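Below, each chain spelled out in residue letters.
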Amino acid sequence: MQSFHPSRARRAAAMIAAAAAVPTALTAMAHPAVAADGDAPAYTLASTVSPAPLRAEECAADPACVLAPAPRGGVADDYAALKQAVDTAATRVRAAVVAADGTVVTPPTTSTVLLAPGTYRLTNGLKLPPNVNLRGAGIATTSLVLDPTVNWKNFNYGFLVRHNDKKEAGSANLVSDLTVNGNCRTGAGAPVPADLPGRPGEACDFRATTSDNTGGGISVGDRWTVRQVRFTNFEYFKLWINGMNGVRIVDNRFDNWGGAESDGEDNIGGGGRNDDTVIERNQFDATIRGNSFDFTNAIRTTVRDNIVHTRPAVAAARHEREYGNMYFEGVQAPTATGNTLEGAHISLTSNANYAHSGSNKDITNPRDAVITGNRILDSASIGVLVRYDDYNDADTTAGTFGGWNDASTDPADHVVRVGGNNVIRDNVIERPALSGVIVFGMARDKDAADTIVGNRIVNAGFGGATTYNTGGGWFDTAGIGLGVGRGDSVYGNTIVDDQARPTTWYGVQLGARKTTTAPTDTVLTGPAGAGNDISGIIAAPVRNGTIAPEAPGNAVAGPNGLTWDESYATGNPIAGYRVYRDGAQVADLPVGSETIPGNLLDADAASLESAAAGTAGWTVGTACKVTRTDAAGAVGGASLALTATGSGQISTYSRKLAATAGTTYTSVASFQGGSGTTGRRVRAGLAFIDGTGKISRLASANTATVDSTTGWMTSSYSAVAPAGTVSVQSFLMVENAVAGEVHLLDRLGLVTGTATEQWTDPAGTAGQYQLVAYRADGGENSAVVTIP
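What counts and what doesn't
- Residues numbered from 1 in each chain as written.
- Predicted model: local features only at pLDDT ≥ 70, side-chain atom pairs only at ≥ 80, totals over all residues.
- Heavy atoms only, no water.
- Helix = DSSP H or I, 4+ residues; strand = E, 2+ residues; numbered from the N terminus.
- Contact = heavy atoms within 4.5 Å.
- Areas by Shrake-Rupley, 256 points an atom, 1.4 Å probe, with all protein chains shown as cover.
- Lys, Arg positive; Asp, Glu negative; His and termini not counted.
- Charge placed at Lys NZ, Arg CZ, Asp CG, Glu CD.
- pLDDT = per-residue confidence, 0-100.
- Disulfide = S-S within 2.5 Å.
- Buried < 20%, exposed > 50% of the residue type's maximum accessible area, 1.4 Å probe, protein only.
- Pairing = 2+ DSSP bridges.
- Axes fitted to C-alpha atoms, helices over the stretch in contact; angles between N-to-C directions.
- Polar contact = N/O pair within 3.5 Å; in protein donor to acceptor, adjacent residues only side chain to side chain.
- Core = buried A, V, L, I, M, F, W, Y, C linked by side-chain atoms within 4.5 Å.
- Salt bridge = Lys/Arg side-chain N within 4 Å of Asp/Glu carboxyl O.
- Phe/Tyr/Trp six-rings, centres within 6.5 Å; stacked < 30°, edge-to-face > 60°.

## A word on the overall build of the protein
The secondary structure content of the protein amounts to five helices and 63 strands. Sequence separation of 24 or more characterises 76% of the internal contacts of the protein that already satisfy a separation of 6 or more. Put simply, the protein shows about 29,200 Å² of open surface, and 53% of that area lies on carbon and sulfur atoms. When the 60 basic and 75 acidic side-chain charges of the protein are each reduced to a single mean position, those positions are 5 Å apart.

## So, the confidence of the model for the protein
Chain-level statistics for the protein give a pLDDT mean of 88 and a share of 90% at 70 or above. Here residues 603-614 is a poorly scored stretch, pLDDT under 50, and it has 23 contacts once near neighbours within four places are set aside; other chains count. In the predicted structure, residues 631-637 sits below a pLDDT of 50 and forms 13 contacts with residues beyond four places in sequence or in another chain.

## As for the state of the cysteines
Disulfide: a covalent bond formed between the sulfur atoms of two cysteine residues. The final tally for this structure, using the stated rule, is two disulfides. Bridging C59 to C65, the disulfide has an S-S length of 2.0 Å. Taking the sign of the S-S torsion, about -105 degrees here, the bridge from C59 to C65 comes out left-handed. Summarising the burial analysis for this pair, C59 and C65 share the class buried. Between the sulfur atoms of C184 and its disulfide partner C204 the distance amounts to 2.1 Å. With the S-S bond torsion at -100 degrees, the cross-link from C184 to C204 turns out left-handed. You can see C184 sitting in the loop between β10 (173-181) and β11 (216-219) and its partner C204 sitting in the loop between β10 and β11, a full 20 residues away along the chain. Just as C184 is buried, C204 falls in that class too. Ordering the disulfide-forming cysteines of the protein by sequence position, one finds them joined as 1-2, 3-4.

## A word on the sheet that holds strand β45 (residues 553-558)
Judged by pairing direction, the sheet is antiparallel, and its three strands sit side by side in the order β45-β46-β61 without closing on themselves. Each edge of the open sheet is held by one strand with a lone partner, namely β45 and β61 (757-759). Neighbour to neighbour, the strand axes of the sheet diverge by 15 degrees on average, direction disregarded. Pairing analysis gives four bridges linking β45 to strand β46 (residues 561-565), with the strands arranged antiparallel. Across the sheet, residue G558 finds its bridge partner in β46, namely G561.

## Here we look at the side chain of T470
Here T470 is to be found in the loop between β37 (467-469) and β38 (474-476). Within the local environment of T470, its side chain forms a polar contact with the backbone oxygen of G473, the two atoms lying 2.8 Å apart.

## Some thoughts on the environment of I346
Note on placement: I346 falls in strand β23 (residues 346-349). Of the residues examined, I346 reaches a relative accessible area of 0% and is grouped as buried. Spatially, the C-alpha atoms of I346 and V772 are 31 Å apart, while their sequence positions differ by 426 residues. If sequence neighbours within four positions are ignored, I346 has contacts with M326, F328, A336, L341, I371, N374, I376, G383, V384 and L385.

## Thoughts on the nonpolar core
In this structure, L134, L144 and I218 are the most contacted members of the largest nonpolar core, which totals 78 residues. Counting residues per element, this core draws most heavily on helix α3 (residues 79-90), at five residues. Once residues within four sequence positions are removed from consideration, L134 is found in contact with V113, L115, L126, L128, L144, V161, L174, V175, S176 and L178.

## With respect to the sheet that holds strand β62 (residues 769-775)
Overall, antiparallel pairing links the four strands, which are arranged β48-β47-β62-β63 in an open sheet. Bordering the open sheet on either side are β48 (584-589) and β63 (785-787), each of which pairs with just one other strand. On average, each strand axis in the sheet is inclined to that of its neighbour by 30 degrees, with strand direction left out of account. By the bridge criterion, seven bridges tie strand β47 (residues 574-581) to β62 in an arrangement that is antiparallel. Across the sheet, R581 pairs through a bridge with Y769, a residue of β62.

## Some remarks on the pattern of salt bridges
Enumeration over the complete set of coordinates arrives at 41 salt bridges. Of the charged contacts, one joins D205 and R199 as a salt bridge, the two residues approaching to 2.5 Å between their closest N and O atoms. Here D205 falls in the partly exposed class, since its relative accessible area comes to 25%. Here R199 falls in the partly exposed class, since its relative accessible area comes to 40%. Ionic pairing is found between D488 and K446, a salt bridge with its closest N-O pair at 2.6 Å.

## Description of the environment of N291
For N291, the position within the fold is in the loop between β17 (283-284) and β18 (293-304). Here the alpha-carbon distance between N291 and G464, two residues 173 residues apart in the chain, equals 21 Å. Excluding residues within four positions of it along the chain, N291 makes contact with D266, N267, I268, G324, N325 and Y327. At a separation of 3.1 Å, a polar atom in the side chain of N291 contacts the side chain of D266.

## Quick notes on the packing of aromatic side chains
Across all of its chains, the model carries 14 aromatic pairs by this definition. Where F159 meets Y236, the ring centres are 5.5 Å apart and the plane angle is 40 degrees; that geometry is what we call tilted. Here F159 is found in strand β9 (residues 159-163), whereas its partner Y236 is found in the loop between β12 (224-232) and β13 (239-242), with 77 residues between them in sequence. Judged by its relative accessible area of 6%, F159 is buried. For the pair F293 and F328, a centre-to-centre distance of 5.0 Å together with 55 degrees between the ring planes defines the contact as tilted. Of the two residues, F293 sits in strand β18 while F328 sits in strand β20 (residues 326-332), which places them 35 residues apart along the sequence. One exposure class covers both F293 and F328, and it is buried.

Pasting the structure below:
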């Protein structure tokens, strides 16, 4: 550990004093930069609901008020003087009268320590007993500045101001009208507006000689009120609420102005089964770091009428994606209402992502939440997110269901409190980078329907991805995504995309891709017949994500137009591809492109457009004969026909083509079942032949099947030619055939590389192209592929 030099101490103390020099009266200082459309009110230190600060003459006239000595210029340590003032105030408190049953008969009286204008330098945390208030001369007039240079361990996991670990029935405390400054950037943090924090994302200046959890702002006790306090420049949590009841956090300010910076801990954080916390009318400047709010394990929490600013430039300067979010993790019966979030979002989740020990051994899922009347603007991800999850114990079993008051006693088991009955109502969500509202997770952890009604979601997917993985399945950009639940209500919402180049692909997505969990019995029409008002989107008002086919791969734009690989044939078979330019569909290719780019097979044998081409070099593989026919069975038609001469696999080979070892080749074909066939698996493959005549047959493992009613099914297979290869053949198979049945093959191809689809825009118009595959039954789209 680096030793501390006395001259450094004096220099640091002088810098603390210089930076903390503050005006003696508050002006309505506001950050000059606000959203161009004026949606988010500007950050300001001016009070919105708080009374004027207590005046010195008012304190002098009150026997229960102690005037603290004036600070010593921010250079000398003021801890001893303030501790003495607190101890004196504690003697002026009259204890509550409590009945035998614990009922408070007579509330206690409170006393107050009034701080003078100026900067107090503290080398230790100040502990307030129950019923002792700490008040300053104004949010920008009085400052408490942390000084870790004497003994940083005094602030290890510690705070500038905190409770004294004692609880008293009916007690109440107030901390108000001052600034607390953690000195992360030495001497910084004056109330001077800034677009960026000081040296964004770098460790605090004192980190070289301390731990990374040194010095938080305020840690509250039961029934504390924190009001008109500015939090700035902290390494540790700014405001901490843990295991407390009846806390009120009102009209405070959070920033990193004046060259300050913070570490990534939450601005308002805690949990520990907090009850009846109210967080209201607070403002967060875009220079903050970490979440604006994050509780883990709490009940009956209200977060209302707060304003949170973030900016992409600040996140980028720290090499972070987003910040400023509101997290309710394992919180039951919370309310979030009237908040304005700029660039941030609201998340309701369980506490399952923490280490499964202590208070996080048992899991609480989001339940009975009301998220209403919020304005969520330009979120860097989702607008409102709800996730249900849990973990398995060592014996691989899930936890035991229980309620809020149940706790596990078995070391090998845990309690899981299931979620549901959350209401997301009447919110305005504009320009989220992904979807507006999304609900997903484990079906076992949700036992009541959620309600998503009356929300207005505008331009979802703005500047973001078209598809994303939640960890509980893949979602595509939609106004609302619902991945789990039974009987959930999703109606009365307005989902609109009014951009010239829309980014919202779907109105409502039901079910995630690549997961077995799906919602059931979703209610999309309200009691009065109101559905969802959806307009301007790219694809469909309602999407069933669980049956989406696989997306095409390796889509690129080249001199001959767009090329891409076939979608992998699965149980969700595709019937073709759709091409979009700038959010508008410009092509529908029901059976793929007419030409296979770079097809190595003869042109007439590949396209099979000429009946005169005969079988064009195609030979019998197993248990079939090869002819030409059409869908009606007429001999000499345009398609290759395989007639099964026995039961089991039937196959055919193309003619041999010269091949080079180490080169990638792809075989492709479209299949259709003849009359009366059903459920036949079809596969494309490759046969590589070396100089000795040895054949290596490789084929797709796809499970796609065809029958006489489902239309054409395409299968493709790519492989690298093994060492010694001199030639290659396309190798095509139909599994489980029955003797006498006929299968049609068309659009037969063999290429180097992997691209077997091609499309050229006849309009020749430049733009952003996007591509989807779509299902044979119902037309459900794959994930969207954006072509560079």
